[in-house]
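Fold and contact review
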Amino acid sequence: MGLPDMRLPIQYAFSFPRRLSSDFERFNFADYPNLSFGRADTKIFRNLALSYEALRKGGNWPCIMNAANEVAVEAFLAERIGFLDIPSIIERTMERTACLPDPGLEDLFNTDLEARQVAEEMI
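Throughout what follows, the structure given in this document is the object of discussion. Quick caveat: nothing in here was measured; it's all calculated off a predicted structure.

A separate point is the overall build of the protein. The number of helices and strands found in the protein is five helices and zero strands. Listing each helix as α and each strand as β along the protein from the N terminus yields α-α-α-α-α. Against the compact-globule benchmark of 14 Å for 123 residues, the protein has a radius of gyration of 18 Å, which places it well outside the compact range. Once the C-alpha set of the protein is aligned to its principal axes, its extents read approximately 50 × 35 × 35 Å. Taken as a whole, the protein presents about 9200 Å² of accessible surface, with 56% of it coming from carbon and sulfur. Distance from the positive charge centre (13 side chains) to the negative charge centre (19 side chains) of the protein: 5 Å.

Taken together, the side chains of Met1, Phe29, Tyr32, Leu35 and Phe37 define a hydrophobic patch exposed on the protein surface, amounting to about 630 Å² of accessible area. Mapped onto the secondary structure, Phe37 falls in the loop between helix H1 (7–15) and helix H2 (46–57).

Here we take up the pattern of salt bridges. Enumeration according to the criterion identifies six salt bridges in this entry. A salt bridge links Arg7 to Asp5; its shortest N-O distance comes to 2.6 Å. Between Glu120 and Arg80 there is a salt bridge, with the nearest N and O atoms lying 2.4 Å from each other. Within this pair, whereas Glu120 is found in helix H5 (residues 105–122), its partner Arg80 is found in the loop between helix H3 (61–77) and helix H4 (86–96), the two being separated by 40 residues in sequence. The network of salt bridges with shared partners includes Glu70, Asp112 and Arg116.

Moving on, we come to the packing of aromatic side chains. Inspection of every chain in the model, using the stated rule, returns three aromatic pairs. Ring plane angle 80° and centroid distance 4.8 Å describe the contact between Phe27 and Phe29, whose orientation is recorded as edge-to-face. By relative accessible area, which is 18% here, Phe27 ends up buried. Taken together, a centroid distance of 5.0 Å and an interplanar angle of 10° make the contact between Phe27 and Tyr32 stacked. What makes Tyr32 partly exposed here is its relative accessible area of 41%. Through successive ring pairs, a cluster of aromatic residues spans Phe27, Phe29 and Tyr32. Its guanidinium or amino end placed over the ring of Tyr12, Arg19 lies 3.8 Å from that ring's centre, counting from NZ or CZ.

Reading the values: the criteria
Residues numbered from 1 in each chain as written. Predicted model: local features only at pLDDT ≥ 70, side-chain atom pairs only at ≥ 80, totals over all residues. Heavy atoms only, no water. Helix = DSSP H or I, 4+ residues; strand = E, 2+ residues; numbered from the N terminus. Rg over C-alpha atoms; globule rule 2.2 N^0.38 Å. Areas by Shrake-Rupley, 256 points an atom, 1.4 Å probe, with all protein chains shown as cover. Lys, Arg positive; Asp, Glu negative; His and termini not counted. Charge placed at Lys NZ, Arg CZ, Asp CG, Glu CD. Patch = residues over 30% accessible without salt bridge, like charges linked within 9 Å, V, L, I, M, F, W, Y side chains within 5 Å. Salt bridge = Lys/Arg side-chain N within 4 Å of Asp/Glu carboxyl O. Phe/Tyr/Trp six-rings, centres within 6.5 Å; stacked < 30°, edge-to-face > 60°. Buried < 20%, exposed > 50% of the residue type's maximum accessible area, 1.4 Å probe, protein only. Lys NZ or Arg CZ within 6 Å of the ring centre and 35° of its normal.

Read these as layout, nothing more, since geometry by itself doesn't imply function.
Now the structure itself:
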């Protein structure tokens with residue numbers, strides 16, 4: 001668990017495998033004595049539902065979802081689409097990209113390319 005601040009994970013990534021010291025604020029469990037967890041609402045968090053679907057179906061579905069997500073997020077950051085358009089683009093890309101039950105490495109490279117093209121066409 002950590003605070004909603006990406007500075008520490010980024011520092012870890014840049015300094016791996018070493019750990020540099022920093023003065024970034026750390027998560028203190030004493031400040032949160034009562035933690036509770038519940039099921040995520042997959043109607044609100046549509047991408048989570050799509051992730052579960054990709055994992056259930058397996059094959060190249062996770063690859064399709066990842067590629068579509070990267071294209072959609074990039075388009076959002078470039079202000080070409082709205083934030084709420086992201087799940088729709090991912091879902092439609094998953095529906096329109098060829099599904100393979102047991103892909104090899106070359107299949108995954110091709111899947112990634114195909115899904116990116118499909119997502120970009122929708123944008």
